Amino acid sequence: MTESFAPGVRVQDLTVVYRTPVGELPALAGVGLTLAPGTITGIVGESGSGKSTLALSLLNAVQPPGRISGGSVEIDGLGDVVRLTGDDLRRARGRQVGYVFQAAQNSLNPLKTVGKQLLDLGRSHDVADLPALLREARALLGRMGLDGGRVLDSYQHELSGGMRQRVGIMLALVLNAHLVVLDEPTTALDMITQATILRIVKEVHRERGLTTLIVTHDIGVAAEVTDSLAVMYGGRVVEHGPTMDVLGSPRHPYTRGLIRAIPRLSGDIGEATALPGRPPTLGTIPAEGCVFRERCPLRMAVCDTVDPAPAAYGERTVACHAVGRPVNLAVRKEYV
Amino acid sequence: MNTVIRRLTGHLARGIAMIWVVTTISFVIIRNIPGDPVRGQYEKLIEQGMGPDQAERATAALYGFLPTGSLWDQYTGYLNGLIHGDLGQSLSTPGTGVATLIGSAAKWTVLPVLGGTLLSFLLGVTLGVYAAIKRSGKLGDALAISGSLLHGVPQYVIGLLVTAIFTTLWPILPAGGPVDISFEPGFNAAYIVSLVQHATLPVLTYALASYGGWILAMKSSVATVLGDDFILAAELRGLKRSVLFRYIARNAILPLFTILALSLGMLFGGAIFIETIFNYPGLGLLLVNSIGARDYALMGGTFLVITVAIVVANIAADLLYAVIDPRVRTGGAA
Ligand SMILES: Nc1ncnc2c1ncn2[C@@H]1O[C@H](COP(=O)(O)OP(=O)(O)O)[C@@H](O)[C@H]1O
Ligand code: SF4
Ligand SMILES: [Mg+2]
């Protein structure tokens, strides 16, 4: 349990397509993302930008009608999970990679108690000491403010949405996986519980020396817990870098718009300016040029024809034709 | 436990209401038979020299209610008789109570119907899971197609087909009747073998007639469950295939219990075709014969028993449901 091996993750040129009536359309188009061992990375972006698709790809679990059509997902100790199949893939899921599903409120079998499902999990991964697994589960639930014994004896319908999400988090951590992926893990919780749970996720992350990926559409959450932050738009990672830098001096026009759209906690609501327009859906993502150009204040001629490639600027990666030129924007202090 | 009792009470209340409607309809039919045979019987007995009291009692024994008196008195008298288990006398088999006839016919219906239904339920459900999971495979397609085809064929056509196959083309089974009368009834091998041989074709027909429906129902139920979030979540946790299979099967089978209950009840009525084809002396044949003989008391009694069977099947299914589904047991939201 004390042996800590935080895996690094390298997503390269990952393309995921969904079959639609008009053919296969890309939900992820050549995404690259590196998770440094031992860090917490956040992914933010509007709904439909491909966050869940990317998170599922880390387990090679993109669901039909979708499929990974290109690229690789290298995880230390597992190799390229895109190539994993059968029992190797099954064992990696749960044991090596813990996953908290976006709809964690509905992630339990309604006909079995939480405890029975925990035992199913243990047996599926050949856990020898099942009583120890139960103790571990009770302890994790206890840390998240629940009565572990009672929860293990409960059916899903006897638990509130927030309790179910915590059970989902417990199930992702209980096998001591070293890579943990949480897709919007706290959406059903009130602000205070949400903060508590994230603090605990962070604590467990430190204690066990994990590599963690948190998907969220809440920039406040990302600022609070992540070391590194990736911003997604239209199936691309448009900006990625240390969280403080990305929030403190955003460089991609979309990141800037996203940050400007948050009402300040201690300030004039009127200062928040919503991003004009709507995010693209699979069918409306332009086939060429920059995916953000319809909403971009810095749009240039080249943006209509050439999809900007991600380029590194120190620790930061940004995909925008306008970056590299001097930018002059008000830096928002509250996230620094 | 409270919820179960509440649901059970609801079922009982609805069941009793249903039984009441059926008995009232029976009463109205018998009371309004053209030519008023009830009254006619009474007058005939008086003409034959019976005293009015005696004639009244004799007629009442035959039809289940008094030939004289107001409609209301006749009606309450009829219901009162039913409550005390008196279904009246059969006209077509003089001297025999309707209850006795139904009792001896019921055993010939219950066993084949139960056997056939459970057999096809188990087969259809197992193959339905397979057909849903192997959607793209050849065998999965074949199963789904066989299901749709069989589902569309009426019971009596299947009955005639299996008769043609197993008694004419490849004559290995008896064509009709409940048992070979040359054997001594009782617990001896020859008699039991004969019973089983005679029951095989009716059971097979029941099974084939409903098997297609089960495959289709189970297939669509499994497809629904496969789309549920918790199945994806279980996959993402790396649960073994066998565990996943149990999660899917158990959740998918739940809604089928309601259909099972209904179809069991319906089958008692559907037994009409199959029992006629195989000359099998069950409730269906009894009903057909009673209609042919204008034996109204027997008709009413048979309807009543079929109704009761439907009610009982419903209640049994509900109890079974409560055993399997914890949400019903503890009264949570579904
Ligand atoms: N099963 C599916 N079929 C078709 N399109 C899908 C499916 N799942 C997701 N998509 C599309 O893929 C894109 C990315 O979705 P998703 O990864 O869920 O985004 P996010 O998690 O950021 O909200 C969206 O445009 C969405 O409509
Ligand atoms: S590439 Fe052009 S359109 Fe796209 S974000 Fe940069 S400036 Fe805007
Ligand atoms: Mg999502």
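Whatever comes next refers back to the structure up there.
Just so you know, these numbers come straight off a predicted model, no measurement behind them.

Conventions and cut-offs
- Residues numbered from 1 in each chain as written.
- Chains lettered and ligands numbered in written order.
- Predicted model: local features only at pLDDT ≥ 70, side-chain atom pairs only at ≥ 80, totals over all residues.
- Heavy atoms only, no water.
- Helix = DSSP H or I, 4+ residues; strand = E, 2+ residues; numbered from the N terminus.
- Rg over C-alpha atoms; globule rule 2.2 N^0.38 Å.
- Buried < 20%, exposed > 50% of the residue type's maximum accessible area, 1.4 Å probe, protein only.
- Contact = heavy atoms within 4.5 Å.
- Areas by Shrake-Rupley, 256 points an atom, 1.4 Å probe, with all protein chains shown as cover.
- Buried area = accessible area lost by both parts, 1.4 Å probe.
- Salt bridge = Lys/Arg side-chain N within 4 Å of Asp/Glu carboxyl O.
- Near = heavy atom within 4 Å.
- 1 Å grid on protein atoms, 1.4 Å probe; cavity = no way out; pocket = protein on both sides within 12 Å on 5 of 7 lines; lining within 4 Å.
- Sits in = over half its atoms within 2 Å of the grid points.
- Nonpolar A, V, L, I, M, F, W, Y, C, P; charged D, E, K, R; others polar.
- Donors = N, O, S within 2.8 Å, 3.2 Å for Na, K, Ca; no water.
- Axes fitted to C-alpha atoms, helices over the stretch in contact; angles between N-to-C directions.
- Left-handed = near helix turned anticlockwise from the far one by under 90°.
- Phe/Tyr/Trp six-rings, centres within 6.5 Å; stacked < 30°, edge-to-face > 60°.
- Pairing = 2+ DSSP bridges.

A.B. asks: How would you sum up the overall build of chain A? Please name residues and give values.
C.D. replies: Scanning chain A from N- to C-terminus turns up 10 helices and 12 strands. The C-alpha atoms of chain A give a radius of gyration of 20 Å, which matches the 20 Å a tight globule of 336 residues would have. Its C-alpha atoms give chain A principal-axis dimensions of about 65 × 45 × 40 Å. A total of 336 residues make up chain A; the buried ones form 57% of that total. For chain A, long-range pairs separated by at least 24 residues make up 64% of all intrachain contacts whose partners lie at least 6 apart in sequence. Of the roughly 14400 Å² of accessible surface on chain A, 53% is carried by carbon and sulfur atoms.

A.B. asks: Please set out the interface of chain B and chain A residue by residue, giving values where relevant.
C.D. replies: Counting residues at the interface gives 24 residues for chain B, matched by 29 residues for chain A. Buried area between chain B and chain A, summed over both chains or domains, comes out near 2300 Å², and the portion from carbon and sulfur atoms is 59%. Scanning the region where chain B abuts chain A turns up 1 salt bridge. Here Lys240 of chain B and Asp126 of chain A are joined by a salt bridge, their closest N and O atoms 3.7 Å apart.

A.B. asks: So what's going on with the site of ligand 2? Which residues, and what values?
C.D. replies: All names here are of chain A. Taken together, the residues surrounding ligand 2 are His252, Pro253, Cys290, Phe292, Arg293, Cys296, Leu298, Cys303, Pro308, Cys320, His321 and Ala322. According to the grid-proximity analysis, the pocket containing ligand 2 is the largest cavity. Residues belonging to the shell around ligand 2 are distributed by class as follows: 9 nonpolar, 2 polar and 1 charged.

A.B. asks: Requested: an account of the coordination of the magnesium ion (ligand 3), with residues and values cited.
C.D. replies: Between any two of four tetrahedral donors, the ideal angle at the metal is 109.5 degrees; between two of six octahedral donors, it is 90 or 180 degrees. Within the protein, the atoms that donate to the magnesium ion (ligand 3) are Ser52 of chain A (OG) and Gln102 of chain A (OE1), at distances of 2.0 to 2.3 Å. Taken together, the residues Ser52 of chain A in helix 1 (residues 51-57) and Gln102 of chain A in the loop between strand 6 (97-100) and helix 3 (114-124) connect sequence positions 50 residues apart.

A.B. asks: Which residues make up the packing of helix 5 (residues 98-133) of chain B against helix 8 (residues 189-226) of chain B, and what are the values?
C.D. replies: Residue and element names in this part refer to chain B. Between helix 5 and helix 8, whose axes approach to 5 Å, the crossing angle comes to 35°. Note on packing geometry: the crossing formed by helix 5 with helix 8 is right-handed. Residue composition of the contact of helix 5 with helix 8, by class: 21 nonpolar, 7 polar and 1 charged.

A.B. asks: So what about the side chain of Thr302 of chain B? Which residues, and what values?
C.D. replies: With respect to the element layout, Thr302 of chain B can be found in helix 12 (residues 296-324). Among all residues touching Thr302 of chain B, those that are not within four sequence positions of it are Ile102, Leu283, Leu286 and Leu287 of chain B.

A.B. asks: Give me the packing of aromatic side chains: which residues, what numbers.
C.D. replies: Residue and element names in this part refer to chain B. Taken as a whole and assessed by the stated rule, the structure comprises 11 aromatic pairs over all chains. Each ring, one from Phe121 and one from Phe257, has its centre 5.9 Å from the other, and the planes form 45°; the classification is tilted. In this pair, Phe121 sits in helix 5 while Phe257 sits in helix 10 (residues 241-277), placing the two residues 136 residues apart along the sequence. In this pair, the class of Phe121 matches that of Phe257, namely buried. Aromatic pair Tyr156 and Phe273: ring centres 5.5 Å apart, planes at 45°, arrangement tilted. Here Tyr156, found in helix 7 (residues 155-169), pairs with Phe273, found in helix 10; they are 117 residues apart in sequence, far enough to count as distant. Residue class for Tyr156 comes out partly exposed when judged on its relative accessible area of 38%. An aromatic cluster is present here, built from Phe27, Trp72, Tyr75 and Tyr78 joined pairwise through their rings.

A.B. asks: Talk me through the pairing of strand 10 (residues 236-242) of chain A; I want residue IDs and the actual numbers.
C.D. replies: Residues and elements named next belong to chain A. Most of strand 10 sits out of view: 7 of its 7 residues are buried. With 6 bridges joining them, strand 9 (residues 228-233) and strand 10 adopt antiparallel strand pairing. Note on strand 10: the bridge partner recorded for Leu229 is Gly241. In this antiparallel pair of consecutive strands, strand 9 and strand 10, the connection spans 2 residues, and Gly234 shows a positive phi of 50°. Relative to strand 12 (residues 316-318), strand 10 runs antiparallel, the two sharing 2 bridges. Bridge assignment links His240 to a residue of strand 12, and that residue is Thr317.

A.B. asks: I'd love a proper account of the sheet that holds strand 8 (residues 211-215) of chain A, names of residues and values included.
C.D. replies: Residues and elements named next belong to chain A. With mixed pairing, 8 strands are arranged side by side in an open sheet as 6-7-8-3-9-10-12-11. The sheet is open, and its two borders are formed by strand 6 and strand 11 (311-313), each paired with just one other strand. Across the sheet, the axes of successive neighbouring strands diverge by a mean angle of 20°, strand direction being ignored. Direction of pairing for strand 7 (residues 179-183) relative to strand 8: parallel, over a ladder of 5 bridges. Opposite Val180, over in strand 8, you have Thr212 as the bridge partner. Sheet strands touched by helix 2 (residues 86-96): strand 6 and strand 7. Its angle to strand 6, the strand with the most contacts, is close to 70°. Sheet strands in contact with helix 6 (residues 161-173) are strand 6 and strand 7, and its direction is about 175° off that of strand 6.

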